[in-house]
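Take a look at the letters that make up each chain.
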Amino acid sequence: KHSFFPNFSAYNDMATLAYLTELDNWGEKGINDAENALGRYDCWYDRVLTVVPQEKLLDYDVSMGWEPLCKFLDKPVPD
C-alpha cells in the first residue's frame with residue numbers, strides 16, 4: 001500500500017547520511033567555510049597526484065586547449 005506522505009524514517013536516514021558524508025569530507029567547519037574548503041581540496045588534490053599512476057593522470061587546465069586532452073585520451077583534436 002502506497003502512502004501520499006513520504007517515509008519520514010527513510011528521509012531522516014538520508015539526511016543523516018548526507019550530514020555525515022559532508023562532515024567526513026569537509027570537517028566540522030563544513031564546505032561553507034572557504035579557507036577550510038580550499039585547504040581540504042588542496043589535500044585531496046595532492047592525494048590524487050600521489051595515488052593515481054602517472055600514466056593514468058592528466059593534470060589539465062582548459063586554458064591548455066584540446067591538444068593535451070585529446071592526446072591523453074588518444075582521440076583526434078576537434079575542429
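What you are looking at is a predicted structure, and each value in this text was computed from that prediction instead of being measured.

A.B. asks: I tried to follow the overall build of the protein chain on my own but got confused; where do I start?
C.D. replies: When helices and strands are counted, the protein chain shows three helices and zero strands. Tracing the protein chain from N to C terminus, the helices and strands come up as α-α-α. The burial tally for the protein chain puts 8% of its 79 residues in the buried class. A fraction of 0% describes how many contacts in the protein chain between residues 6 or more apart in sequence connect residues 24 or more apart. Roughly 7,400 Å² of accessible area belongs to the protein chain as shown, and the carbon and sulfur atoms make up 59% of that amount.

A.B. asks: Looking at this structure, how should I read the confidence of the model for the protein chain?
C.D. replies: The predicted coordinates should not be examined in detail at positions where pLDDT is low. Considering every residue of the protein chain, the mean pLDDT works out to 85; 90% of them sit at 70 or more. Ranking the elements of the protein chain by mean pLDDT puts helix 1 (residues 8–26) last, at 79, and helix 3 (residues 66–73) first, at 96.

A.B. asks: Where do I start with the packing of aromatic side chains in this structure?
C.D. replies: Here a ring pair, both rings aromatic, is described through the centre-centre distance and the interplanar angle of the planes. Counted by the stated rule, this structure contains two aromatic pairs. An aromatic cluster of three or more residues is present, and its members are Tyr41, Trp44 and Tyr45.

A.B. asks: Honestly, unusual backbone geometry in this entry has me stumped. Any pointers?
C.D. replies: Glycine aside, the phi torsion of most residues is negative, and most peptide linkages are trans. Phi at Asp74 is positive, roughly 55°, even though this residue is not glycine. Tracing the backbone through its elements, the reader meets Asp74 in the segment after helix 3.

A.B. asks: What am I meant to see in the environment of Leu49 here?
C.D. replies: Residue placement: Leu49 occurs in helix 2 (residues 34–51). Note: C-alpha distance between Leu49 and Asp59 (10 residues apart in sequence) is 8.5 Å.

Calculation notes
- Residues numbered from 1 in each chain as written.
- Predicted model: local features only at pLDDT ≥ 70, side-chain atom pairs only at ≥ 80, totals over all residues.
- Heavy atoms only, no water.
- Helix = DSSP H or I, 4+ residues; strand = E, 2+ residues; numbered from the N terminus.
- Buried < 20%, exposed > 50% of the residue type's maximum accessible area, 1.4 Å probe, protein only.
- Contact = heavy atoms within 4.5 Å.
- Areas by Shrake-Rupley, 256 points an atom, 1.4 Å probe, with all protein chains shown as cover.
- pLDDT = per-residue confidence, 0-100.
- Phe/Tyr/Trp six-rings, centres within 6.5 Å; stacked < 30°, edge-to-face > 60°.

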